[in-house]
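Below are the chains, spelled out letter by letter.
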Amino acid sequence: MNNISYVIKVGLCLLALQISVITCLAQTNLYKVQKSEVVFSSNAPKELIKASTDNLEGILDIQKKTFAFKVAIISFMGFNSPLQREHFNENYMESEKFPFAYFTGKIIEDHDLGKNGTYTIRAKGKLTIHGIAQEKIISVRVEVKSKKIDTHSEFSVLLNDYGIKIPRIVNDKLASEIKVSVTASFIAFKN
Amino acid sequence: MRKLLLLFINALLSIITFGQQPFHRDYWLNESRTPLSANCLLQDSSGYIFIGTDEGLLRFNGYRFTKISSFNNAPVTAMVKASQGIIVTYSNGEIGTVHQDTVQQFFLEKTFSNTKINAVIANKNELWLSTDQGICAINNKKKTIYTTQHGLSDDYIYSMHFIDPQRLLAATDHGINDVHIIQDKISVKTFTSKNGLPDNIVTAIAPAYKTSLFWGGTQQKGLVLYDAAAQKLLPIQSATPWQWGQINALLPIDAHHVWAATEQGFLVQVVLTDNALSYHPYAFTNRKLKALLLDYSGNIWVGTDKGLTLFTPEYLWQISINAPYRLRDITTLCFDKENTCWLALSNKLYTVETTGSLNAEKQFASTISCLYCDNHNRLWIGTMGDGLWCKLNGENQLKKVPLKTLNQQSILSITTSTDKLWVAGLNGVEEIALPASNNLDEVNDIKQHTKASGVGTDYIYQLFTDTKDRIWMATDGAGVCMYDGKQYFHWDIFNTKDNNVAYSVAQDMTGNIWSGTLYKDLYRYKNEKWENIRNNETQDVDVNVFTVNTNRTGQVVAVFQRCIDVWYPESSLFRHFNSRLNMGFDSTSTVLNCSAKDTAGNVYIPFEKGLLLFKNLRKQWDIKPRVVLTGVENDFKKTTQQQPIFKANTNFISFHFDGISFTNPERLNYRYRLEGYSQNWIHTNETEVTFPKLPPGNYVFQVQVSLNADFSTAQEARFAFKIATPIWQRGWFVASFLLLVGGIVFLLIRQRDKRNKRLAQLKQERILFEYEHLKTQVNPHFLFNSLNTLTSLIEQDPESAVTYTEQLSDLYRNLLSYKGNDWVTLEEEWSFLANYLYIQESRFGSALQVVKNIPKALMKSKKIVPLSLQLLVENAIKHNVVSMASPLVVKFEIQNDTLVVSNTIQPKLSKEKESGLGLANIQKRYALLSDKPIRFGKNDGVWEVRLPLL
């Protein structure tokens, strides 16, 4: 119940951000995802599963150092078989019930992301998958080049932490720890 | 002194030279042995360790985990001892207080909604919460929240610590916040990467045991040191970068040591020397470390995501030694003055590298039996059959001591005194002079101490030089023998039937001598007296002590066949180590006197993986167990009162108690007594005792706990109560009862007095009546009439005159004989009246007519007052005319138990003088004798008197 309300909250948050974006278009400290790739892989003893999406949406406020992202679970493609994708959406992720994964939070490091340069920062926030929110600190490599921000991060997700139950029969086909890599380019919110 | 202290501290620090590991023991928190995250730990004043887990609060007594029921099912995140008791916080923002066996809700005026509480601290009556939405201060159920809007650098607070009551440090996602509290407002100084903080995420904060210094634990970069007085971060270096992950908990030990527990499963000992840090990590495989606690017994407890782990760095370490080390090969070991460990495996001599690998030094022709390093750093090596060898300070060569007496000798023990060398062989002890020149060729025999010379035996297992330069010998056959340079001292104390064997001698830091014996256990020589120090041990009785050694802080290590005991002088108790502790050491060497001491005074004992290190203690840990009364029941109902008063008729009182020990909980035993019932202590292993049907009185239940049979210093729990006296035994009841009885007796006595008085009165009345009566009878008128009648009778009828005279005399006699009676039957009264009537009838003839109408049956059964009838007839004659013309008729009738005496009224013209006493006297006598009154009066021209019959 709490998780659902949290999801709603995150949704509202995103909405509010978008509204503020629309109303304050002149501001340059807001960046949005322009291009992205989210890849996850499960490296189990008997099977390697990989899927990806370019459907990451999100906004970054480099002054307040906050961010909010979401990705539609159903948009992940590239499984080993269509049936596998069906299982992924229906059995494990329950994509109809929990259509998005979210990550909202703040940037820990004090670097000025308005200035050109390469930085390693930590993003701390709540990662919501399968309707369950967990605190997460993710290390991100950031490259700022003339109002364009390129980011890359890699982290792993324990299925157990997000209430994703794996039938014992697929234990050696599905890893309990899923590796995720996110590459995203941001551009300033400006016409 | 200060220099010495510094040296001592350095010595303590210097022990971290080998690849040492403390021992650890894992505990499952539930019976199903499934992982359960222990998030926070706290030891309360009674000794219990509380464990905040994902499934609520647990209480641990060293042996068992007891679940404390709670109003809330959320994971416990933090605990603190506060003025309100133990405060427990939950991940959902709820707060509780521990009350006996439950956690009750701590109500706030407004509750949190979904705020995660990360930590809690207490400041006077206030609680300060570190939450993911700021700092929350709770004062008297009111909460004040401080966030970035109040100047904090971040809203996510991991933990806080008070510097003084008006100032605290907060560890946040964006650096350290130095917060001044001014009433309800705060002012904040922030330390972030801009101020030189290596990592913005500060996850833990703890005092550094140095004035105004605080440790900060970070997410990535290890530890930082903050000087609260100077308000700045101290620059600290370290040789290696931090690589053990996010610090979740810090446990400062002293000014130089702090333990850091990390999310990645490392417990890192951080040593601070001159602003430089060095790290000693210990890996907890597959565990996330969450919390740390140092209990009063010196155990470090680590809360992990899988459960609880006991960690022993405060007192016991192990040094792993690589092959060819084998426990069964080790014969002796020794530390030289440079702290190199020498060790003999059979006939090979090795030194031990800090990594734990062995360096072969020399191979001897026969087994090495003893190693000894003297104060000049000369290493002496004794062999079995190859004599004595020596390595001089600074030289690498081992040389054989060229003494004939020692040439082919088997050497059992070596010691040195100021300028002498003492070597025990199979022919007693050689006393050898040591030349100042260090030239081994100049050593000389001085004397041989043998059975014959006074040692009492030729076999000496151990030689030991005490601080007074006296030589102590542990012998086979003569017990312990001491030689002070002049004479031998013996004590007849270790004697069994056919043994007098001491294996080992050592001296502790207070100067007492300790000795391990065969069959007779461990002895201490204190104040000129030997004392069996382990005779109070009740379990694991193992009486053969192979090795005794002492460390610098007063602990005595005794190696037995199946266990190792370490004496803690402060508690007068032993800490027992055996295989059942599940810490991973199963057996120890059974070679005699196989132990060593480094220059700092730490004791080393071989075990199967290498060496056990019994550390000098940083402080005297208290290993004394505790006992707590967990419940008192009467008639199976729990009582929560202090000093209750139970009813007399229903008492069935049970006491439940619980022993707490984190050293040897398996050895706990108790004794109890009920003062007021019995003065005798009763020993038990149970933790419950019941007393049925106690007599009334005041009682104190006392229970004590010990690790052995010695309760002289035992900790005690007590409970005073009272059994009420039953109502019939209480003072006020007894008093009122006595009063009542007294009253009754008093009333009875008064009653009797009254009756006696009445009887006396009656007697008086009767006498008066008799007197009156007599007076009447001797009335001259009566006499005159009677005599007149008699005169006329004598003349007319002399025979009748005789009868008349007889009747007259009968009348007077009867009068006298009846005077004593209260009552007479009607018959008797009537016979008396008959005499009188005869006299009167003789005089009046038919002028006096008497009608008697009384049933015969009543004549005998009914009684009246004597002489009453005669009196009534007499009155009738006295007051009425009696003549032939109008005869006087007197009637006697019975009506309803009443005798009615009536006569016709025909009053005389001249009235006789009345005494007036007659009728009144009868009336009085009736009143005294019966409650029925007599009645009299005129009725239809007839005078009637009604006498009640009895």
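Rules used in this analysis
Residues numbered from 1 in each chain as written. Chains lettered and ligands numbered in written order. Predicted model: local features only at pLDDT ≥ 70, side-chain atom pairs only at ≥ 80, totals over all residues. Heavy atoms only, no water. Helix = DSSP H or I, 4+ residues; strand = E, 2+ residues; numbered from the N terminus. Buried < 20%, exposed > 50% of the residue type's maximum accessible area, 1.4 Å probe, protein only. Contact = heavy atoms within 4.5 Å. Axes fitted to C-alpha atoms, helices over the stretch in contact; angles between N-to-C directions. Parallel < 35°, antiparallel > 145°, perpendicular 65-115°, else oblique. Nonpolar A, V, L, I, M, F, W, Y, C, P; charged D, E, K, R; others polar. Polar contact = N/O pair within 3.5 Å; in protein donor to acceptor, adjacent residues only side chain to side chain. Buried area = accessible area lost by both parts, 1.4 Å probe. Salt bridge = Lys/Arg side-chain N within 4 Å of Asp/Glu carboxyl O. Patch = residues over 30% accessible without salt bridge, like charges linked within 9 Å, V, L, I, M, F, W, Y side chains within 5 Å. Areas by Shrake-Rupley, 256 points an atom, 1.4 Å probe, with all protein chains shown as cover. Pairing = 2+ DSSP bridges. Left-handed = near helix turned anticlockwise from the far one by under 90°. Phe/Tyr/Trp six-rings, centres within 6.5 Å; stacked < 30°, edge-to-face > 60°. Core = buried A, V, L, I, M, F, W, Y, C linked by side-chain atoms within 4.5 Å.

Participant: How would you sum up the overall build of chain A? Please name residues and give values.
Facilitator: When you go through chain A residue by residue, the secondary structure sums to two helices and nine strands. The order of helices and strands in chain A, counted from the N terminus, is α-β-β-β-β-α-β-β-β-β-β. For chain A, buried positions account for 47% of its 191 residues. When contacts within chain A are restricted to residue pairs at least 6 apart in sequence, long-range pairs at least 24 apart make up 62% of them.

Participant: Please give an account of the packing of helix α5 (residues 826-844) of chain B against helix α7 (residues 868-879) of chain B that cites residues and values.
Facilitator: Residues and elements named next belong to chain B. Taken N-terminus to C-terminus, the directions of α5 and α7 make an angle of 20 degrees; their axes are 8 Å apart at the nearest point. When the axes of α5 and α7 are compared, the pair comes out roughly parallel. The residues of α7 that touch α5, namely those facing Glu829, Trp830, Phe832, Leu833, Tyr836, Leu837, Gln840 and Phe844, are Ser868, Leu869, Gln870, Val873, Glu874 and Ile877. Partitioning the contact of α5 with α7 into residue classes produces nine nonpolar, three polar and two charged.

Participant: Mind laying out the side chain of Gln704(B), listing which residues take part and the relevant values?
Facilitator: Residue and element names in this part refer to chain B. You can see Gln704 is positioned in strand β66 (residues 697-706). A polar side-chain atom of Gln704 sits 2.9 Å from a polar atom in the side chain of Glu716. Filtering out sequence-adjacent residues up to four positions away, Gln704 remains in contact with Val627, Asn669, Tyr670, Arg671, Trp681, Phe711, Ala714, Gln715 and Glu716.

Participant: Report on the interface of chain A and chain B, specifying residues and quantitative values.
Facilitator: Taken together, the contact pairs 10 residues of chain A with 17 residues of chain B. On the chain A side of the contact with chain B, Ile108(A), Asp110(A) and Arg122(A) bury the most area, a combined 47% of that side's loss. Put simply, chain A and chain B have four salt bridges between them. Across the pair Lys106(A) and Asp173(B) runs a salt bridge whose closest N-O atoms are separated by 2.9 Å. Here chain A and chain B share 11 residue pairs in polar contact (both at pLDDT 80 or more) between them. Elements supplying a minimum of two residues to the side of chain A that touches chain B: β6 (117-129) and β7 (132-145) of chain A.

Participant: Give a description of a nonpolar patch on the surface that names residues and reports values.
Facilitator: Residue and element names in this part refer to chain B. Together, Val734, Phe737, Leu738, Val741, Val745 and Ile749 make up a nonpolar patch on the protein surface, roughly 520 Å² of accessible area in all. You can see Val734 is positioned in helix α2 (residues 731-777). Relative accessible area serves as the criterion here: at 36%, Val734 is assigned to the partly exposed category.

Participant: Break down the sheet that holds strand β39 (residues 399-400) of chain B for me, citing the residues and quoting the values.
Facilitator: All names here are of chain B. The four strands lie next to each other as β36-β37-β38-β39, forming an open sheet whose pairing is antiparallel. The open sheet terminates on both sides in strands that have one partner only, identified here as β36 (368-373) and β39. With two bridges connecting them, strand β38 (residues 388-391) and β39 associate as antiparallel partners. Note that in β39 the partner of Trp389 across the bridge is Lys400.

Participant: Explain the packing of helix α4 (residues 798-817) of chain B against α5(B) to me, and be specific about the residues and the numbers.
Facilitator: Residue and element names in this part refer to chain B. With their axes 9 Å apart at the nearest point, α4 and α5 run at an angle of 140 degrees to one another. One finds that α4 runs oblique with respect to α5. Note that α4 runs across α5; the crossing there is left-handed. Side by side, α4 and α5 meet where Ser800, Thr803, Tyr804, Gln807, Leu808, Asp810, Leu811, Asn814 and Leu815 of the first sit next to Phe832, Asn835, Tyr836, Tyr838, Ile839 and Ser842 of the second. Across the contact of α4 with α5, the residue classes tally to eight nonpolar, six polar and one charged.

Participant: Provide a residue-level description of the packing of aromatic side chains, including the pertinent values.
Facilitator: Residue and element names in this part refer to chain B. For the structure on display, the rule yields 64 aromatic pairs over all chains. Both rings, one in Phe60 and one in Phe662, keep their centres 5.8 Å apart while their planes meet at 45 degrees; by these two values the pair is tilted. Taken as a pair, Phe60 in strand β5 (residues 56-60) and Phe662 in the loop between β62 (652-660) and β63 (669-675) lie far apart in primary sequence, 602 residues in all. The residues Phe60 and Phe662 share a single accessibility class, namely buried. Aromatic side chains Phe691 and Phe701 sit 6.1 Å apart centroid to centroid with 70 degrees between the ring planes, which places their arrangement in the edge-to-face category. Linking Phe691 in strand β65 (residues 688-692) with Phe701 in strand β66, this pair joins segments that are 10 residues apart in sequence. Comparing Phe691 with Phe701 shows no difference in burial state: the two are buried.

Participant: I'd like to hear about the sheet that holds strand β72 (residues 898-904) of chain B, residue by residue, with values.
Facilitator: Each strand in a sheet pairs with another by means of backbone hydrogen bonds, the pair being arranged parallel or else antiparallel. All names here are of chain B. Strands sit in the order β69-β71-β72-β74-β73 across an open sheet of five strands; the sheet is mixed. Two strands bound the open sheet, and with one partner strand each, they are β69 (848-853) and β73 (935-939). Strand-to-strand twist of the sheet, defined as the mean angle between neighbouring strand axes without regard to direction, takes the value 15 degrees. Here strand β71 (residues 888-895) runs beside β72; their pairing, made up of six bridges, is antiparallel. Residue Phe892 lies in a different strand from β72, and its bridge partner there is Val901. This element, α7, spans β69, β71, β72 and β74 (942-948) of the sheet and lies at about 145 degrees to β71.

Participant: I'd like to hear about the nonpolar core, residue by residue, with values.
Facilitator: Ile51(B), Trp301(B), Phe577(B), Phe614(B), Phe701(B) and Phe721(B) are the most contacted members of the largest nonpolar core, which has 76 residues in total. If we skip the residues at most four places from it in the chain, Ile51(B) touches Leu29(B), Ala38(B), Cys40(B), Leu41(B), Gly56(B), Leu57(B), Leu58(B), Phe60(B), Phe65(B), Met79(B) and Leu308(B).

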